[in-house]
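Here is what each chain is made of, one letter per residue.
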Amino acid sequence: MTDTATTAEATVPEQAAPPEEKTCPEALGANRLADMLAEITGEPVRALDVEVLVEREVLAEVDRYKGWPLYSTKAAREIDVELLRTIIAERVEWFTGATSPAWDARAASPPGARTAT
């Protein structure tokens, strides 16, 4: 006869390890940062929205890669979601034809004139 206690312990499945939190680089470009923010907030964040956050001095360039600005992922995680929703709503309005003065001015400026302060 076999010992059932030993057999039962051997058939207990191991508990799965808790899912690991995704790691992000310290800084990302506008496109990848927008993807990260979209994943975190569930909002349709685009690179244009990241540019507006920079223009409003909510985000700042922390580095450059091949000439492209990089922004802090830590700072991006601390952005107020309501502010982000407002910026997204302004972008959507502008693209659907109902414009706001801020987006009109931005659209009227030549691409090279857009710089972070």
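Sequence order sets the numbering: in each chain, residues are counted from 1 along the sequence as written. Selection of residues for local features in this predicted model requires a pLDDT of at least 70, selection of side-chain atom pairs for listing and counting requires 80 or more, and totals for whole chains, interfaces and linings are taken over all residues. With hydrogens and water set aside, each side-chain value is computed from the structure's full complement of heavy atoms.

S.K.: Honestly, the overall build of the protein in this entry has me stumped. Any pointers?
M.R.: Runs of E in the DSSP output that reach at least two residues are strands. Runs of H or I that reach at least four are helices, and both are numbered from the N terminus. Of the regular secondary structure elements, the protein holds six helices and three strands. When the helices and strands of the protein are listed from N to C terminus, the series reads α-β-α-α-β-β-α-α-α. To sort residues, take the accessible area from a 1.4 Å probe on protein chains only and compare it with the maximum for the residue type: under 20% means buried, over 50% means exposed, and anything in between is partly exposed. Buried positions account for 26% of the 117 residues belonging to the protein. Residue contacts are defined here by distance: any two heavy atoms, one from each residue, within 4.5 Å place the two residues in contact. Taking as baseline every contact in the protein between residues at least 6 positions apart, the subset at least 24 positions apart corresponds to 60%. Accessible surface for the protein amounts to roughly 8500 Å². Of this, 55% is attributable to carbon and sulfur atoms. Areas reported here follow the Shrake-Rupley algorithm with a probe of radius 1.4 Å; residue values treat only the protein chains shown as occluding.

S.K.: What am I meant to see in the pattern of salt bridges here?
M.R.: Should the charged atoms of two oppositely charged side chains come close, the side chains can pair. Definition used for salt bridges: Asp or Glu carboxyl oxygen within 4 Å of a side-chain nitrogen of Lys or Arg. Applying the stated rule across the entire model yields five salt bridges. Glutamate 90 is paired through a salt bridge with arginine 56; the nearest N and O atoms lie 2.6 Å apart. Here glutamate 90 is found in helix α5 (residues 81–96), whereas its partner arginine 56 is found in the loop between α3 (47–55) and β2 (61–65), with 34 residues between them in sequence. Here glutamate 90 falls in the buried class, since its relative accessible area comes to 19%. The class of arginine 56 is partly exposed, set by a relative accessible area of 34%.

S.K.: Is there a simple way to explain the pairing of β2 in this structure?
M.R.: Strand pairing is defined by DSSP finding a minimum of two bridges between the two strands. For β2 and strand β3 (residues 68–72), the ladder comprises four bridges, and the chain directions are antiparallel. The residue bridging aspartate 63 from the neighbouring strand is leucine 70, located in β3.

S.K.: Any chance you could explain α3 here in plain terms?
M.R.: For α3, the full list of buried residues reads Ala47, Asp49, Val50, Val52, Leu53 and Val54. Phi for glutamate 57, located one or two positions after α3, is positive at around 60°.

S.K.: Would you mind showing me how to read the nonpolar core here?
M.R.: Side chains of nonpolar character tend, in soluble globular proteins, to be buried together. Side-chain atoms within 4.5 Å link the members of a nonpolar core, which is a set of buried Ala, Val, Leu, Ile, Met, Phe, Trp, Tyr and Cys residues. Formed by 19 residues in total, the largest nonpolar core has its most connected members in Leu33, Leu37, Val50, Leu53, Leu59 and Ala76. Going through the elements one at a time, α2 (30–41), α3 and α5 are the ones with two or more residues in this core. When residues no more than four places from it in sequence are discounted, the contact partners of leucine 37 are Gly42, Val45, Leu53, Ala76, Ile79 and Leu84.

S.K.: Can you walk me through the sheet that holds β3 in this structure?
M.R.: By way of backbone hydrogen bonds, the strands of a sheet pair with one another, either parallel or antiparallel. Taken in spatial order, the three strands make up an open sheet running β1-β3-β2, and their pairing is antiparallel. Each edge of the open sheet is held by one strand with a lone partner, namely β1 (27–28) and β2.

S.K.: I keep staring at α2 and nothing clicks. Help me out?
M.R.: What sets the pattern is the α-helix's 3.6 residues per turn: residues three or four places apart point alike. Compared with the 16 Å implied by 1.5 Å per residue over 12 residues, the 16 Å span of α2 between its first and last C-alpha is a close match. Considered for burial, the residues of α2 that qualify are Ala30, Leu33, Ala34, Met36 and Leu37. Buried residues of α2, viewed axially, fall in a sector of 160°; they line one side. Along α2, the residues that are exposed and aim more than 90 degrees away from the buried face are Asn31, Arg32, Asp35 and Glu39. Count one or two residues on from α2 and you reach glycine 42, which has phi positive near 80°. What a helix is expected to span follows from its residue count: subtract one and scale by 1.5 Å. Along the arc lie the directions from the helix axis toward the C-beta atoms.

S.K.: So what exactly am I meant to see when it comes to the pairing of β3 here?
M.R.: Across a regular strand the side chains alternate sides, sitting on one face of the sheet and then on the other. Judged by how many residues are buried, β3 sits mostly within the fold: four of five residues are covered. As paired elements, β1 and β3 share two bridges and run antiparallel to each other. Bridge pairing links alanine 27 to serine 72 in β3. Hairpin remark: β2 followed by β3, antiparallel, with two residues in the connecting loop; positive phi at lysine 66, about 50°.

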